[in-house]
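# Inside the fold
Each chain, written out:
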Amino acid sequence: MDKQINMLVIGSVNMDMTVAFDEMAKAGQTVYMNGYSYSPGGKGGNAATAASRLGAKVSFCGAVGKDDNGEKLAGVLKAEGMDLTYLKRTDEKATGFAAILLDETNKQNRIFVYSGANRCTTPEDVRKIDWSKFDLLMMPMEIDDEVIFEAGIQAHKHGVPFILDTGPARDIALENIPGLDIISPNETECKVMTGIDPIDDTSCEKAAKLLIERSHAKYAVIKLGSRGSFVYGEGVSKFVPAFKIEAVDPTAAGDTFTAVMSLKYVETGDIVKSAVYGNAAGALCASRAGAQVSLPKMEEVEAFLKERTEA
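The text that follows walks through the structure, step by step, so that each part is easy to find. As the structure is a prediction and not an experimental result, all values here were calculated from the model.

Further remarks concern unusual backbone geometry. With an omega of 0 degrees, the peptide bond running from G167 to P168 counts as cis. Assignment of secondary structure puts P168 in the loop between β9 (162–165) and β10 (180–184). Phi at H216 takes a positive value of approximately 60 degrees, unusual for a residue other than glycine. As for its placement among the helices and strands, H216 is situated in the loop between α6 (201–215) and β11 (219–223). Of note in this structure, E234 is not a glycine but carries a positive phi near 55 degrees. Locating E234 in the fold gives a position in the loop between β12 (228–233) and β13 (236–241). Given the relative accessible area of 59%, E234 is considered exposed.

Spelled out as structure tokens, the structure:
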């Protein structure tokens, strides 16, 4: 990036346990695992870490419990160079936790999340933020609706561009979030929020129009996994194809896409170019195992794009 972007991420941070296997167990069946591991995760933590590695100056607003996982996660975020002024430590609930079931045969995952301390971030915490410092707000939905609404109000009030990653899937009152620049669901989230399965350009455009009508965002960017992404708004309606890779683990690929796409959008104002960068970063992430450990740096994304362009 030519200029360092001051980015605020409000969201969740979890300790992830990933369990890898060759086939999903049926009811009453026992199968052997290929292995398991612990790593930092949470959609907010993933996006914040991705943005920090890509060169942004990141402040993280969220909550962890006063427990070992909370201490470890705070240490990880700090080691990534983040400002943790707005990270709350609470004894109300344990630190968020996610169990990730990774089917290595089909390269698919199933994720079970305990929100825990992530539910302890409040609208009052959002109002206490010094919004004058930030060029961008990026926020996933692994947090209470009231916090998302208040973040939208404050970002709009202070003229801070707001990108909303609509994971995990739920139908939220988008009409209550003012000033959205970009709304970005994946395929599942898109279907939950619009009732439309984005299987081709026609259905993607129909769903994107509905998302914009409800949210009044400038753009809708639908993440389509291994197919790529679809961009709609401000006179643009375009499918952006994915880069072919050998997929290992899709965990955090969507979070990485949104973080990179958001930074490039604020830097360039070019939504299609931003989606191309997002596709590249998501592909790099999916080609590696784990959540935050798999997140790429900007020089890796640039090198990946150069290699694919010249090939």
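Along β10, five of the five residues are buried, which leaves the element largely enclosed by surrounding structure. Both β9 and β10 contribute to a ladder of four bridges, which runs parallel. Following the sheet pairing, I163 is matched in β10 by I182. Bridge count for β10 against β11 is two bridges, and the pairing is parallel. Looking across to β11, one finds that I182 is bridged to Y219.

Within this structure, the stated rule accounts for 15 salt bridges. In this structure, the salt-bridge partner of D145 is R170, at a minimum N-O distance of 2.5 Å. Placement of D145 in helix α4 (residues 145–157) and of R170 in the loop between β9 and β10 is noted, with a sequence separation of 25 residues between them. Judged by relative accessible area, which is 23%, R170 ranks as partly exposed. With a closest N to O distance of 3.1 Å, D171 and R214 form a salt bridge. Taken as a pair, D171 in the loop between β9 and β10 and R214 in helix α6 lie far apart in primary sequence, 43 residues in all. Looking at D171, the relative accessible area reads 52%, which means it is exposed. Residue classification places R214 among the buried positions, given a relative accessible area of 17%.

Further remarks concern the nonpolar core. Core analysis: the largest hydrophobic core is formed by 51 residues, its most contacted members being M7, V58, F60, I182, L263, I271 and V301. In this structure, I10, I143, I183 and I196 belong to the second largest nonpolar core, which totals 39 residues.

This next bit is on the sheet that holds β11. One open sheet accounts for nine strands, arranged β5-β4-β1-β8-β9-β10-β11-β12-β13; its pairing is mixed. Each edge of the open sheet is held by one strand with a lone partner, namely β5 (87–90) and β13. Direction aside, neighbouring strands of the sheet carry axes that sit 15 degrees apart on average. Relative to β12, β11 runs antiparallel, the two sharing four bridges.

Let's shift gears to a nonpolar patch on the surface. Together, M33, Y36 and Y38 line one region of the surface with nonpolar side chains, adding up to about 390 Å² of accessible area. Overall, the relative accessible area of 57% leaves Y36 in the exposed class.

Moving on, we get to helix α5 (residues 187–194). For an α-helix, the turn length of 3.6 residues means that residues three or four places apart are oriented alike. Among the residues making up α5, those that are buried are E189, C190, M193 and T194. Projected onto a plane normal to the axis of α5, the buried residues spread over an arc of 110 degrees and lie on a single side. For α5, the secondary structure elements touched by its buried residues are β9, β10, α6 and β11. Its side-chain oxygen 3.1 Å from the backbone nitrogen of T188, N186 forms the N-cap of α5. Of the residues one or two after α5, G195 is the one with positive phi, at around 80 degrees.

Cut-offs applied
- Residues numbered from 1 in each chain as written.
- Predicted model: local features only at pLDDT ≥ 70, side-chain atom pairs only at ≥ 80, totals over all residues.
- Heavy atoms only, no water.
- Helix = DSSP H or I, 4+ residues; strand = E, 2+ residues; numbered from the N terminus.
- Buried < 20%, exposed > 50% of the residue type's maximum accessible area, 1.4 Å probe, protein only.
- Pairing = 2+ DSSP bridges.
- Salt bridge = Lys/Arg side-chain N within 4 Å of Asp/Glu carboxyl O.
- Core = buried A, V, L, I, M, F, W, Y, C linked by side-chain atoms within 4.5 Å.
- Axes fitted to C-alpha atoms, helices over the stretch in contact; angles between N-to-C directions.
- Patch = residues over 30% accessible without salt bridge, like charges linked within 9 Å, V, L, I, M, F, W, Y side chains within 5 Å.
- Areas by Shrake-Rupley, 256 points an atom, 1.4 Å probe, with all protein chains shown as cover.
- Arc of directions from axis to C-beta.
- Contact = heavy atoms within 4.5 Å.
- Polar contact = N/O pair within 3.5 Å; in protein donor to acceptor, adjacent residues only side chain to side chain.

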